[in-house]
Amino acid sequence: MASATIFDDPNMGEKVKAKLKHCGKEVTIYPLAKIIKPEVIEIGDHSIINDFTFTYGGNGIKIGSYVHINCFVSIIGGGELILGDYCSIATGCRVITGTDTYYGGKRLSSALPLEQRNVILGKVVLEKDVNIGVNVVIHPDVTIGEGAIIGSNSLVLKDVEPWSINVGSPCHKIADRPKVVVEDI
Ligand SMILES: CC(C)(COP(=O)(O)OP(=O)(O)OC[C@H]1O[C@@H](n2cnc3c(N)ncnc32)[C@H](O)[C@@H]1OP(=O)(O)O)[C@@H](O)C(=O)NCCC(=O)NCCS
């Protein structure tokens, strides 16, 4: 009898679509994209989740239309995530929606029982047309305003102004981004 492979994993690839809270038209989930807790995840039309991504649904994820989540992106932490229409998250980004903390003298390993830990479950929002460069890290409780760009390898700890270009660790604004002039589709 043939042994099971990762392609049989019910939490990977197109098979996950049937378990999502909502799956729009023409959504693509590549075979090596792993999605945990799909029942709290909504995906809008024409969005794409590439191979080698890890998405944990946590307290809920709402992905808009024409969103691209590229290879090696991780969405972790157990909080909430909103991705507006036309957002793009480049290879290697880590979106942290929640985290263990040292607050109150608690321990930080997720392997421990909850009474040993002090977990913060936050919310990350990327408004419409946000563009995240490769290897960016986004911490919990951050809103990245409409149309903002985060340069490669940046660290986002605080809210980001709409239609701004930001780089660095932690990131700071270096310029305004001109508004999109093409029509919404
Ligand atoms: C942030 C970004 C959009 C800026 O592009 P740009 O407007 O063309 O800016 P420039 O290349 O003219 O750089 C402007 C300044 O920002 C600095 N800078 C640019 N990108 C940076 C980054 N990622 N981190 C730190 N500094 C950066 C430049 O060194 C330059 O500084 P200087 O004025 O002191 O010389 C671009 O550099 C970037 O990081 N894009 C993301 C690329 C990516 O990850 N794509 C995904 C794969 S498709």
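Described in the following lines is the structure provided in the data block. Fair warning: this is a prediction, and the values are worked out from it, not measured in the lab. Counting starts from 1 at the beginning of each chain's written sequence and moves along it residue by residue. Under the rules for a predicted model, residues below a pLDDT of 70 receive no local features and side-chain atom pairs below 80 are neither given nor counted, while totals for whole chains, interfaces and linings still include all residues. The basis for every side-chain value is the complete set of non-hydrogen atoms in the structure, without hydrogens or water.

Put simply, a salt bridge is a Lys or Arg side-chain nitrogen that is within 4 Å of an Asp or Glu carboxyl oxygen. Applying the stated criterion across every chain yields a total of eight salt bridges. Among the salt bridges present, the one from K17 reaches E14, with a minimum N-O distance of 2.8 Å. The residue K123 makes a salt bridge to E80 at a minimum N-O spacing of 3.8 Å. With K123 in strand β15 (residues 123–126) and E80 in strand β10 (residues 80–83), this residue pair connects regions lying 43 residues apart in the sequence. Here K123 falls in the partly exposed class, since its relative accessible area comes to 35%. Given a relative accessible area of 29%, E80 falls into the partly exposed group. Taken together, the shared-partner salt bridges in this structure form one network comprising E161, K173 and D176. A run of H or I in DSSP counts as a helix once it spans at least four residues, and a run of E counts as a strand once it spans at least two, with each numbered from the N terminus. For every residue, the accessible area (1.4 Å probe, protein chains only) is compared with the maximum for its type, and the residue is labelled buried under 20%, exposed over 50%, or partly exposed between those bounds.

Bringing the sheet that holds strand β18 (residues 142–144) into the picture now. As summarised here, the arrangement of the six strands in space is β1-β4-β7-β10-β15-β18, forming an open sheet in which the pairing is parallel. Only two strands of the sheet have a single partner each, and these edge strands are β1 (22–23) and β18. Two strands are said to pair when DSSP picks up at least two bridges between them.

Glancing now at the sheet that holds strand β21 (residues 164–167). Pairing within the open sheet is mixed, and its eight strands lie in the order β2-β5-β8-β11-β16-β19-β21-β22. A strand with exactly one partner marks an edge of an open sheet, and here the two such strands are β2 (28–29) and β22 (172–176).

Here the focus is the site of the ligand. In this text, near means that some heavy atom of the residue lies within 4 Å of the molecule or strand in question. In the neighbourhood of the ligand, the contacting residues comprise A90, G133, V134, I149, G151, S152, I165, V167 and I174. A distance of 2.8 Å separates an oxygen atom of the ligand from a polar atom in the backbone of V134. The protein chains shown are the only cover counted for residues, whose accessible areas, like all others here, come from Shrake-Rupley with a 1.4 Å probe. Summarising the interface, the protein chains cover 33% of the accessible area of the ligand, which totals 900 Å² for the free molecule. Each residue belonging to the shell around the ligand can be placed in one class, and the counts come to six nonpolar, three polar and no charged. Two N or O atoms form a polar contact when they lie within 3.5 Å of each other; inside protein one atom must be a possible hydrogen donor and the other a possible acceptor, and for residues adjacent in sequence the pair counts only when both atoms belong to side chains. Side-chain classes are defined by residue name, with Ala, Val, Leu, Ile, Met, Phe, Trp, Tyr, Cys and Pro counting as nonpolar, Asp, Glu, Lys and Arg as charged, and the others, Gly among them, as polar.

What follows concerns the pairing of β22. Examined bridge by bridge, β21 and β22 share four bridges and lie antiparallel to one another. Bridge pairing in β22 places S164 opposite D176. The hairpin turn running from β21 into β22, its antiparallel successor, is four residues long, and G168 in that turn takes a positive phi close to 105°.

Here we take up the packing of aromatic side chains. Side-chain rings of Phe, Tyr and Trp, where Trp is taken by its six-membered ring, are said to pair if the distance between their centres is within 6.5 Å; with planes under 30 degrees apart they count as stacked, over 60 as edge-to-face, and otherwise as tilted. Applying the stated criterion across every chain, the model contains three aromatic pairs. Summarising the aromatic geometry, the rings of F52 and F72 are spaced 5.1 Å apart at their centres and angled 5° between planes, so their arrangement reads as stacked. In this pair, F52 sits in the loop between β5 (48–49) and β6 (54–56) while F72 sits in the loop between β8 (68–69) and β9 (74–76), placing the two residues 20 residues apart along the sequence. Residue classification places F52 among the partly exposed residues on the basis of a relative accessible area of 46%.

It is worth spelling out unusual backbone geometry at this point. Note the cis peptide between S169 and P170, where omega equals -5°. Note on placement: P170 falls in the loop between β21 and β22. In this structure, K37 takes a positive phi of about 60° despite not being glycine. Counting through the fold element by element, K37 comes out in the loop between β3 (34–36) and β4 (41–43). Even without glycine at this site, H46 takes up a positive phi of about 65°. Within the element layout of this structure, H46 appears in the loop between β4 and β5.

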